[in-house]
Structure formats: C-alpha cells, structure tokens
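Listed below are the residues making up each chain.
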Amino acid sequence: MMGDMSISPVAARRAAGRRRGRTGWVPATALTVTALLGIGACSAGGSSSSPAAPPAAGGAQSGGASQATGPAAGIVPGHSTLHWHSCGGLLAQQGVPECATLSVPVDYAKPGGRHITLALDMIPATAPKNQQQGILLVNPGGPGGSGLPLAAEVAQGLSPGVAAQYDIVGFDPRGVGSSVPALSCDRSFFAGVRPNYIPASPAAEQVLINRAKTYATDCGQKYGWLLPHMTSQDAARDMDAIRAAFGVSKINYYAFSYGTYLGQVYATLFPDRVRRMVLDSVVDPTGVWYTDNVDQDYAFQGRMEAFFAWVAKYDGTYHLGRTAAQVQAAWYKARNRLLAHPVNGTIGADEFDDTFLQGGYLDELWPGFAQALSSYLNFGQTDDLITQYQGYGKQSENEFAVYNAVQCSDVNWPRNWSFWTSDTERIYAKAPFQAWDNAWFNAACAFWPVKGPAKPLQIKGTGLGGILMLQGTLDPATPYAGAQDAHKLLPSARMVVVQGGGNHGQSMEQPSNSCVQGYLNAYLARGVLPKAPGLVNATCPAVPPPAPES
C-alpha cells in the first residue's frame, strides 16, 4: 500500500511463485492452497496465558457471536445485470472460469455522464443453494493492485467447504490492470537506473523534485477528466455498483492492506450493505496518508534490522557477518557498489532498495535475498541479484499511477517541499532505510493537480455487524498501533493479534498459520468472532522465520 509499497502481500507471493519457476498465475494458488496445513496455537483474549484451539472451520466458538449459514434475503444473487464469459490468458491458466465487465460512471454525482469499465472475475459457489452465502468481494491492496488473480487465490486459501459457500469475486479497481482506462502517466518512469533516492546535494534533490513534478503534470495532462474521481470513496461506490449488478442487498468482503481502508470507507458509506467483512493487515484511517507513511518508515527500519539479525544467525551459510551490524555494513557496501556500478544498466541503488523492501512484507523472501547479497559481495556474481530484482523489485507504472491518483486525491498533502525535506531528514536520522525512498515514492502528491480535502473521511462504525480483523504486531506496512486506531473506530470489530508477527497479510502466510486460519474460516462459515473483550480479542503465535534454502 503506502509509500514504496504498491505491491500487495498477495502480489509478492505471486512473484515468489514465478521465482521458483512455476507458470503464470498458478503459483499464487499453489502458495495459498496449503493455508490450512500449518501448526499453531492461540489464546482467546490478549491477557490469557492458557492456549486454546481456534474455532474449527464451520463450527462455533463457545461464547462467540455467530450467524447461521444458509440462504438469507439479499445475499443469494437475484436479478444480475452482469454478462459472464469464459476467462482467457493468465486467468484461464489459473482456473478462473468466469469473467465480466461493468460500466460505472466516472462521477457518481452525474450517473448519466461519462463512464469507465471495471474488470471482474468469479469463482462460483459450488455448495448446494441452501448453503450458499452470497458474493465474497476480495481486494489485495495497493492502491493499484490487481484483484483479478485474488479470487482463485482466496478460493484455494480458504477451507474448501467454506470457499464452496461463496461466489468469490475479484475485480480490478478503476484505473487498474484490465479495467478501462488503465492509468499510465509515463511508461518510462521506471526505465533504466534512477537517480539515487538519497540526495547527495541540493542539486541532486532538485533532480528528484523535478521528476515528481513532471510525473504529476503528465498525469494531469493525460487524465485530468478522471483524476478528481480516483479517490477511495469513488472506488467504494464502484464496489456498491458491483453489489447492485449482482442483484444483492449485502456483500461479504475480504481484503488486505490498502484494501482494508477501502473496506472501512465502504462500511462508512454503506453500513447497511455489509454482511461480513475480513480486514487483514489494517490501515490506520486517522493517518491517511502522510502520517501513515511516516509511521511506516520507522516500522520498516525495524523489519530491516530483523533481516540483518537473521542473516547474521546464518553466517556459516551466507558469510556476511556474525552480527546484525556487520550484515548491515555489508548491505550498504553492496548498495554503494551498485550506486557506482549498476548491474546490467538496470539495477542501481534505488532498484536494490526496492527489492529488499519486499522482505519487510514477507520474511519468506529472506533466504533468496540473503543468497543474492552473499553471491554478489563474496563472489562478484550478479545472477541471483538480477533474479530477485526481476521477481520483487521491478515496479509497475500502472500501479504507481493509480497509487498516486488515489492517495494524492483522498486528502491534501503538504504542498511546501521544504517541509518534506526537513521532515525526511529528521526521519532519516533514526530510520534511514526507507525515509528518502518513501518520500520520493510519494513526492508527486506535493504537486498533484487534484487537491484533496483537508482531512480524510471520518470512519464510522455505526450500524455495522461483526467484523474480523487480523493483525501482526510487527507488521511494518500497517503498524500495529494504527490498526488498533482503526479497531477503536469500528467497535463491532474483533481483532485476532499475531504476537511477534511481522508479515503483511497474516492469512496468506507461508507456511500458513493454522490459528489464524481457524478464526478466518469460522467467521466466514458461521459469523463466529472471538469473544474476549477489549482491543485484543484473541491471540495467535507467529509463524517462525524461515531457514536458509538448501
């Protein structure tokens, strides 16, 4: 989501599958299909010390709220206006059978005006009609992430019996991927080696400022008609248009990262149209978006330091240092070498940063990253580094364009660049890994042609049923304190906290966390929520960090 983070936890796992040599989008489903095979324990409530098994999928937890399964008014599709056809390309390879498009107004205040097109797909429910629970709309995050591949990933990640009860619907939000138009402001923006994120002089900083200004100007020139209508509220209204097109009065929703903010916005605008909602790795709506990015800078520094410590633990394998400080020095040695001598004319210091950033999202990437760093520094080999960059560090300009279009318009950003400079220098003193990278990833918002409101939408929990939140305490992209801010605004929500969990997307972890999966499947099957009071309603242990690859 925010900052240099338009890649979603799900997208990172797709890249992990590609890195391992699998084909198309199939690897993503292969990665999530084992979601119920992990071993773990959990406890109800944050203060309980006695472990308890998570609720079984389809069963009720003692004392927890539940809703009966089976058809209910408004959830089984009625008169649908969607016209489905067979999917092609990568979606067909993934096993997604049905695709459709939906025309929606650019401006919902003028429904008869210009329209754009959303791309949808669906894994239909296979349970008997009397056991089906309606549509489950899914979103992977971003903003800018494609939701089409997520339908199959969720279908295989849930318990088969639970997945069978839902029509699982993926969609590309406005401006994204297969939706029309797909935003692209400057296709060459990420081409070649970019200027060093960390400016060595005022002149170097001005080069980066000019890049941000030009990108904002280009977006305005190409999409001036659309940019005022690229906000999260517009995307939430698109979700409601999808609901209406299915002919149902309520939706179920399952989302990650930025998708959790989109869910909060939808629940605020349409509280009576939410049936069940799962928010995994929860955005702080009170910090949208500048403050949220600052919070990320500090949190990602902690995750990077955890990576350095992990590599040091396996010095016998990687030979990069026996202490975290030594590994950190080795990492910066590599960065400086790439700054002076980029690899293949494509991987310089910025591209190196972008690649290793993804390890903050998913520690399952650590072995591959450590091996790439080791082979580069110890043997002068670049193949592993190139592979890791191609799999994780390479940027999508479409995602970047949508990211800016949404976040720059949701709320007005500081417009005085001297404020950004002084703030970033202050952050850099304590959290150098991400401070300048993040500033430049968001810099176009200082010059964006659309000025958002002074304050973000006030999230309200009035009239909502039970919501399930899943959150790791060390998640850097959506820090724990901010997730609890969201929890406070949604009093009907119940949060499962993964103690010591640093991965982003707790219900998509590999190896999977069976404790988290138990709560997820029980909620989607029967509406069961953990019963403990307060802000920590249940806890699960974190999945252990990975071991080096053999």
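Just so you know, these numbers come straight off a predicted model, no measurement behind them.

Here is what the cut-offs are and how they apply
Residues numbered from 1 in each chain as written. Predicted model: local features only at pLDDT ≥ 70, side-chain atom pairs only at ≥ 80, totals over all residues. Heavy atoms only, no water. Helix = DSSP H or I, 4+ residues; strand = E, 2+ residues; numbered from the N terminus. Buried < 20%, exposed > 50% of the residue type's maximum accessible area, 1.4 Å probe, protein only. Contact = heavy atoms within 4.5 Å. Areas by Shrake-Rupley, 256 points an atom, 1.4 Å probe, with all protein chains shown as cover. Pairing = 2+ DSSP bridges. Axes fitted to C-alpha atoms, helices over the stretch in contact; angles between N-to-C directions. Phe/Tyr/Trp six-rings, centres within 6.5 Å; stacked < 30°, edge-to-face > 60°. Lys NZ or Arg CZ within 6 Å of the ring centre and 35° of its normal. Salt bridge = Lys/Arg side-chain N within 4 Å of Asp/Glu carboxyl O. Core = buried A, V, L, I, M, F, W, Y, C linked by side-chain atoms within 4.5 Å. Disulfide = S-S within 2.5 Å.

Colleague: Help me out: how do you make sense of the overall build of the chain in this one?
Modeller: Counting its secondary structure elements, the chain contains 19 helices and ten strands. Burial status across the chain gives 60% buried among its 550 residues. Taking contacts inside the chain between residues at least 6 apart in sequence as the whole, the part at least 24 apart equals 79%. Summing over all exposed atoms, the chain offers an accessible surface of approximately 19300 Å²; the carbon and sulfur share of this is 55%.

Colleague: Mind showing me how you'd approach unusual backbone geometry here?
Modeller: Of the consecutive residues Gly142 and Pro143, the connecting peptide bond is found in the cis state with omega at -5°. Relative to the elements of secondary structure, Pro143 occurs in the loop between strand E4 (135–139) and helix H4 (150–157). Of the consecutive residues Gln510 and Pro511, the connecting peptide bond is found in the cis state with omega at -5°. On the secondary structure map, Pro511 appears in the loop between strand E9 (493–499) and helix H19 (514–526). Of note, the phi angle at Ser281 is positive, near 70°, even though the residue is not glycine. One can find Ser281 in the loop between strand E7 (274–280) and helix H9 (290–313). For Ser281, a relative accessible area of 0% puts it in the buried group.

Colleague: Any chance you could explain the environment of Glu549 here in plain terms?
Modeller: Topologically, Glu549 is positioned in the segment after strand E10 (538–541). Of the residues examined, Glu549 reaches a relative accessible area of 46% and is grouped as partly exposed. Residues Glu549 and Trp366, spaced 183 residues apart in sequence, show a C-alpha to C-alpha distance of 9.6 Å.

Colleague: When you look at the sheet that holds strand E6 (residues 251–256) in this model, what are you seeing that I'm missing?
Modeller: In sheet architecture, strand pairing relies on hydrogen bonds along the backbone and comes in two forms, parallel and antiparallel. Taken in spatial order, the ten strands of this open sheet run E1-E2-E3-E5-E4-E6-E7-E8-E9-E10, and their pairing is mixed. The open sheet has two edge strands with one neighbour each: strand E1 (85–86) and E10. Pairing of strand E8 (residues 467–472) with E9, which is carried by six bridges, proceeds in the parallel orientation. Across the sheet, residue Leu468 finds its bridge partner in E9, namely Arg494. Taken strand by strand, helix H8 (residues 258–269) contacts E4, E6 and E7, and its axis lies near 150° from that of E6.

Colleague: Could you clarify how one ought to interpret the packing of aromatic side chains in this entry?
Modeller: Two aromatic rings are characterised by how far apart their centres lie and by the angle between their planes. Counted by the stated rule, this structure contains 36 aromatic pairs. Measuring from ring centre to ring centre gives 5.0 Å for Phe356 and Phe369, while their planes differ by 45°; the resulting arrangement is tilted. Here the residue Phe356 occupies a position in helix H12 (residues 349–361), and Phe369 occupies one in helix H13 (residues 366–379), the gap between them amounting to 13 residues. Across the pair, Phe369 and Phe356 agree in class, each one buried. For Arg211, the ring lying beneath its charged end belongs to Phe189, and the centroid distance is 4.1 Å. The residue whose ring lies beneath Arg337 is Tyr376, and the NZ or CZ to ring-centre distance is 5.4 Å.

Colleague: What should I look at first to understand the pattern of salt bridges in this one?
Modeller: Two side chains with opposite charge may pair up if their charged atoms get near one another. For the structure on display, the rule yields nine salt bridges. Of the charged contacts, one joins Glu351 and Arg194 as a salt bridge, the two residues approaching to 3.3 Å between their closest N and O atoms. On the criterion of sequence distance, the pair formed by Glu351 in helix H12 and Arg194 in the loop between strand E5 (167–172) and helix H6 (202–223) is long-range, its members being 157 residues apart. Residue Glu351 shares its accessibility class with Arg194, and that shared class is buried.

Colleague: In this structure, what is going on with the environment of Pro453? I would like to understand it.
Modeller: Secondary-structure assignment places Pro453 in the loop between helix H17 (435–442) and E8. C-alpha separation for the pair Pro453 and Trp413, spaced 40 residues apart in sequence, amounts to 9.2 Å. Those residues in contact with Pro453 that sit more than four places away from it in its chain are Ser409, Asp410, Val411 and Asn412.

Colleague: Explain the nonpolar core here, please?
Modeller: If you look at soluble globular proteins, the nonpolar side chains tend to sit buried side by side. Core analysis: the biggest nonpolar cluster contains 89 residues, and Leu120, Leu183, Phe246, Tyr253 and Trp448 have the highest contact counts within it. In this structure, Ala155, Val496, Leu520 and Leu529 belong to the second largest nonpolar core, which totals 37 residues.

Colleague: Please explain the state of the cysteines as it appears in this structure.
Modeller: Simply put, the disulfide is a covalent bond whose two ends are the sulfur atoms of two cysteines. In the structure shown here, the tally under the stated rule is four disulfides. Across a sulfur-sulfur distance of 2.0 Å, Cys87 and Cys99 are joined as a disulfide pair. Where Cys87 bonds to Cys99 through sulfur, the torsion about that S-S bond is close to 110°, and the disulfide is right-handed. Placement of Cys87 in the loop between E1 and helix H3 (89–94) and of Cys99 in strand E2 (residues 98–105) is noted, with a sequence separation of twelve residues between them. A relative accessible area of 10% places Cys87 in the buried class. Linked covalently through their sulfurs, Cys185 and Cys219 form a disulfide whose S-S length is 2.0 Å. Because the torsion about its S-S bond is 115°, the bridge between Cys185 and Cys219 counts as right-handed. Of the two residues, Cys185 is situated in the loop between E5 and H6 and Cys219 in helix H6; the sequence distance between them amounts to 34 residues. Note on accessibility: Cys185 and Cys219 belong to one class, buried.

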